[in-house]
Structures are given as structure tokens and as C-alpha cells.
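# Coordinates in review
Here's the letter readout for the chains.
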Amino acid sequence: MRLMSSSKILLLWIFLKEDKFTKQQLLEKFAQNEIQISKRTLDYYLSKLKKYAEIKVQIKGKKTFYYIENPPSKLVLDKKDKLALLDIKNLLKLEKNYKHIKEAIKLFLKISLYIEDFEERSEFLYFNYYSTLNWFLVKELEKHCKNKDIIEIDYILPYGANKFITIHADEICQSMTSERLYLKGFLEFSDHFSILPIDRIFKIEKVVRKNARYEKIMDISTYVTSKEKFEELGLDEKENIYGEKNGRIIIKRPKDDDFYLSQRLFNFCPDLFYISDNKIKKEIEEKLKTMKETYEEQIDF
């Protein structure tokens with residue numbers, strides 16, 4: 001992807017300005033930033049970077065080191081650079097992958113150290129909603145989701161008061177219609193998955209139980225779409241093909257997130273022929289009805 005290649009080449013530039021590295025050390029540096037690349041990909045990035053910077057080579061014994069000599073004390077971004085970086089930000093947002101956003105924020109933070117102007121540095125580092133997130137909290141929630149821990153959180157209610165909520169953590173998900181991140185899991189005394197906006201979680205108060213097994217039995221949703229639409233969108237990680245008949249694909253998925261499922265099925269429209277869940281079916285019908293009324297409105301000029 002052009003987006004991620006651009007980000008990783010910029011990160012490689014930062015590494016080589018910091019010190020001298022072998023290719024293996026560079027791969028390890030990327031891994032430390034939660035980015036896995038191959039040696040072949042690293043060679044490609046080095047060849048691309050050579051167009052913009054003079055990469056020096058130093059051989060010590062059997063090892064070959066790469067570096068950028070005499071880095072400038074400050075980074076000057078011209079108009080073209082700023083537009084390119086803005087393009088990277090916008091592409092990241094469209095990609096809807098908060099982990100890539102997190103990588104980019106760390107990358108931009110390193111680059112910002114070379115920018116002297118305070119206002120320019122502040123604008124450079126601003127990632128809208130993502131700049132308001134507590135990324136240390138996100139990292140802790142990721143750990144609890146991976147372990148399927150039951151945790152108690154200090155949650156900020158819409159009107160400002162705080163409430164302690166117990167949740168069996170499952171995963172961090174992102175809205176398909178906004179940038180907002182959610183913690184998904186079973187709330188105490190609930191039989192279905194719920195989602196809580198992460199920006200309303202003040203802190204993790206305590207771990208109630210580690211590595212807890214799910215004791216809930218999830219319902220299964222069934223829906224039918226055309227083969228053409230299926231080939232366009234593909235399966236998400238929890239969907240399974242149940243069958244195919246007359247050019248239509250039958251898909252089944254755990255009913256673990258009504259919010260996500262509603263948005264997911266809306267993307268199959270108008271090639272959506274059956275939904276087993278009546279509640280979600282009604283929501284989609286209402287959305288389509290609203291859209292139809294909006295487009296049929298007569299506008300007088």
C-alpha cells in the first residue's frame with residue numbers, strides 16, 4: 001500500500017539519522033515499533049530512500065552498516081512535504097485501522113523533533129480524534145482483551161458523572177462511520193456483547209479476574225447476499241459461508257456486536273436478500289427508507 005510504504009520509509013529515514021545499523025538491526029528496530037517487514041521489503045525501502053537521502057555504507061568485519069551522515073539540526077518541510085504528510089494522514093483515516101494510526105503518531109512524533117517552529121510542530125502532530133486518546137490506556141485494554149480478563153473500569157457518563165462498570169473484555173473495535181474506538185465485551189449481568197467508547201474510560205480500576213472463559217452462548221445471525229457483492233466485500237474474520245444457491249451466498253456470523261453487524265450488512269445493500277435478525281433488519285429498512293426520502297425530496301431553485 002502506498003500509505004504504509006510512505007510511513008515506513010519515513011521511519012527508516014529516522015533510524016538511519018539516529019545511528020548506524022545492519023539490515024538485521026533495522027528489521028529489529030521496525031519490530032520494536034510493532035512493524036514486521038521482510039529483508040526484501042527493507043531492500044526496497046532502502047532503494048526508495050536513496051532518492052531523497054545519501055545513505056552511507058560502512059563495513060566492519062563481516063557486517064555491513066547503513067547510516068545517513070551529518071543529519072541537519074532541523075527539518076525544513078516545504079509546501080510539497082506538508083501536502084504529502086497530510087495525504088498520509090487522510091489515507092490512514094480512510095483505512096480505519098487504529099494500529100496504523102498509532103504507528104504514524106509515533107513516527108510523526110520522532111520527525112517533529114526536527115521542527116523548530118512551535119505552531120508548525122503542533123499542527124504536524126495533530127491527528128484529530130486520535131490525538132485525544134490515552135494511548136497508554138488503549139495498550140492496557142489491548143492486553144486485557146487478549147487475555148479475556150474481567151476488569152472494572154472508571155467510566156465517564158454523558159452528563160459528566162463517573163460510574164464503575166465491570167466488563168469481560170473481548171476486543172477493541174472501530175466505528176465504520178467515525179474515528180471513534182470502542183471496548184467490546186460482556187457487561188456484568190448481560191447476555192450480549194456491548195461496546196463502550198474508549199474516550200469515556202477514565203482508567204482501569206482493577207482486574208476482577210484474569211484469563212476468564214466465556215460462559216455466554218452467542219446467537220448466530222444468518223444473511224444472504226449476491227455472489228457479486230460477496231466477491232466485492234469478502235468475509236470478515238468471524239463470518240463463515242454456510243452455502244451457495246442460485247448465485248446467492250448464505251453467510252453465518254456470531255451475533256456479538258449489533259452495532260457492527262448493522263453497519264456491516266448495510267454495506268451489502270442493495271444485494272441483501274435475507275436477514276435472520278428482525279431488529280437489525282428493521283434498522284436497515286429504516287436507514288434505506290430515510291435515504292430514499294432524502295433523495296426524493298424536490299428542491300426549488
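See the structure printed just above.
A brief structural summary. (Residues numbered from 1 in each chain as written. Predicted model: local features only at pLDDT ≥ 70, side-chain atom pairs only at ≥ 80, totals over all residues. Heavy atoms only, no water.)

Attention now moves to helix α7 (residues 135-147). The end-to-end C-alpha distance of α7, which contains 13 residues, comes to 19 Å, matching closely the 18 Å that a straight helix rising 1.5 Å per residue would cover. Every buried residue of α7 is listed here: Trp135, Leu137, Val138, Leu141, His144 and Cys145. For α7, the secondary structure elements touched by its buried residues are α5 (98-112), β3 (150-156), β4 (162-174), β5 (181-187) and β7 (201-209). The N-terminus of α7 is capped by asparagine 134, whose side-chain oxygen sits 3.1 Å from the backbone nitrogen of phenylalanine 136. After α7 finishes, the residue lysine 148 shows a positive phi value of roughly 60 degrees. (Helix = DSSP H or I, 4+ residues; strand = E, 2+ residues; numbered from the N terminus. Expected span 1.5 Å × (residues − 1). Buried < 20%, exposed > 50% of the residue type's maximum accessible area, 1.4 Å probe, protein only. Contact = heavy atoms within 4.5 Å. Polar contact = N/O pair within 3.5 Å; in protein donor to acceptor, adjacent residues only side chain to side chain.)

Right, let's get into the pattern of salt bridges. Enumeration over the complete set of coordinates arrives at 15 salt bridges. Of the charged contacts in the structure, one is a salt bridge between lysine 238 and aspartate 170, with a shortest N-O distance of 3.9 Å. Taken together, the residues span a long stretch of sequence, with lysine 238 in the loop between α8 (227-233) and β9 (240-245) and aspartate 170 in strand β4 at a distance of 68 residues. Judged by relative accessible area, lysine 238 falls into the partly exposed class, the value being 21%. For aspartate 170, a relative accessible area of 8% corresponds to the buried category. Of the charged contacts in the structure, one is a salt bridge between glutamate 239 and arginine 264, with a shortest N-O distance of 2.8 Å. Of this pair, glutamate 239 sits in the loop between α8 and β9 while arginine 264 sits in helix α9 (residues 258-266), placing them 25 residues apart in sequence. In terms of burial, glutamate 239 and arginine 264 fall into one category: buried. (Salt bridge = Lys/Arg side-chain N within 4 Å of Asp/Glu carboxyl O.)

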